[in-house]
Structures are given as structure tokens and as C-alpha cells.
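Residue strings, one per chain:
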Amino acid sequence: MKNWYFLIIIALFFSCNQKETAPDKESSEEFDMYEFSEMAGLMEQFYAENNKLKQQIIKGDSIAPFPDYFLNIHTAVLTDASDRDDFFNEQAQKFIDAEKLIFEDAASNRADNFNLAVDACITCHQQKCLGPIPRIKKLYIK
């Protein structure tokens, strides 16, 4: 008889400690992943390319030719289409001109020209999208 009581107490103990979990509302909903707009993806490429370029300039290495895909800034789809206005188009051209100067001007001027290209990024982002500015500032060559 003592064994029965003991088994019942153990069974009650385990049944009380097991929580019946209801499906979590969040886990049952479909999870939406953020997708970059074409422009956001392009700017990620700009950042990666410029970070690599920065290291090459600092080391005094030779650099590859101007990457033609940078010109896609004029046609890439923005997250908010209304952001493609006169200001954006003007700043995009200033950015392209500054980037080309890095590749075309004398090697002795590359660091200064590189920083001008970073300035062009920041000038536009101060008006259009503030978020990436701290990250962009890390590109400066000191």
C-alpha cells in the first residue's frame, strides 16, 4: 500500500511540473525577413568596396579600375521611390565624380580624394537616411 501512495505522489509531482505549452503566438505567425531594396544592397556593395579600397590606399597598394557597377546608383530602385529627387540625383553624381577621382588622380592624392567620396556619402545621408552615417564615418582615412 505504501508503494501505491509513493507512486501516486511521484506521478502527481511530475504531472504538476510539466507545463502544457500552448503554441506561442509569435512562433505560429509567419516571420517576415527584411529584404534590402536594390539601392540598399548597392550601398552595401559600395561600403564593402570602399572599405577594401581604404585598406589598399593605406598600404600603398595598387588599385583596380573604377568599378562600373557604381553607376547603378542612377537607376537602382530605392526603398522609398520619392527619395529619388533633384537633391538625390545631384548628390549621386557628386559621389560618382568623387569616386572616379580616386582612380584617376595621382596616387599621392588618393587618401584626400577617398575622404571626399566619403564626404559625398555623408552629405546625402544627412538629408535622406541618417542611419548609416556612423558606419560611413569609419571609412575616413585619418
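Small disclaimer: the values here were computed from a predicted structure and weren't measured. (Residues numbered from 1 in each chain as written. Predicted model: local features only at pLDDT ≥ 70, side-chain atom pairs only at ≥ 80, totals over all residues. Heavy atoms only, no water.)

### Structural notes on the nonpolar core
- If you look at the biggest cluster of nonpolar residues, it comprises 30 residues, and the most contacted ones within it are Met39, Leu53, Ile73, Phe88, Phe95, Ile102 and Phe114.
- Those residues in contact with Phe114 that sit more than four places away from it in its chain are Asn50, Leu53, Lys54, Ile57, Ile102, Leu139 and Ile141. (Core = buried A, V, L, I, M, F, W, Y, C linked by side-chain atoms within 4.5 Å. Buried < 20%, exposed > 50% of the residue type's maximum accessible area, 1.4 Å probe, protein only. Contact = heavy atoms within 4.5 Å.)

### Some details on helix α3 (residues 38–59)
- With 22 residues, α3 extends 32 Å between its outermost C-alpha atoms, agreeing within 8% with the 32 Å of an ideal straight helix rising 1.5 Å per residue.
- For α3, the set of buried residues is Met39, Ala40, Leu42, Phe46, Tyr47, Glu49, Asn50, Leu53, Lys54 and Ile57.
- Structurally, α3 contributes buried residues whose contacts are with α4 (86–104), α5 (110–128) and α6 (133–137). (Helix = DSSP H or I, 4+ residues; strand = E, 2+ residues; numbered from the N terminus. Expected span 1.5 Å × (residues − 1).)

### Quick word on the environment of Thr79
- One can find Thr79 in the loop between α3 and α4.
- Residue classification places Thr79 among the exposed positions, given a relative accessible area of 63%.
- A C-alpha to C-alpha distance of 7.7 Å links Thr79 and Glu38, two positions 41 residues apart in sequence.
- Here the side chain of Thr79 touches Ser37 through a polar contact of 2.9 Å, side chain to side chain. (Polar contact = N/O pair within 3.5 Å; in protein donor to acceptor, adjacent residues only side chain to side chain.)

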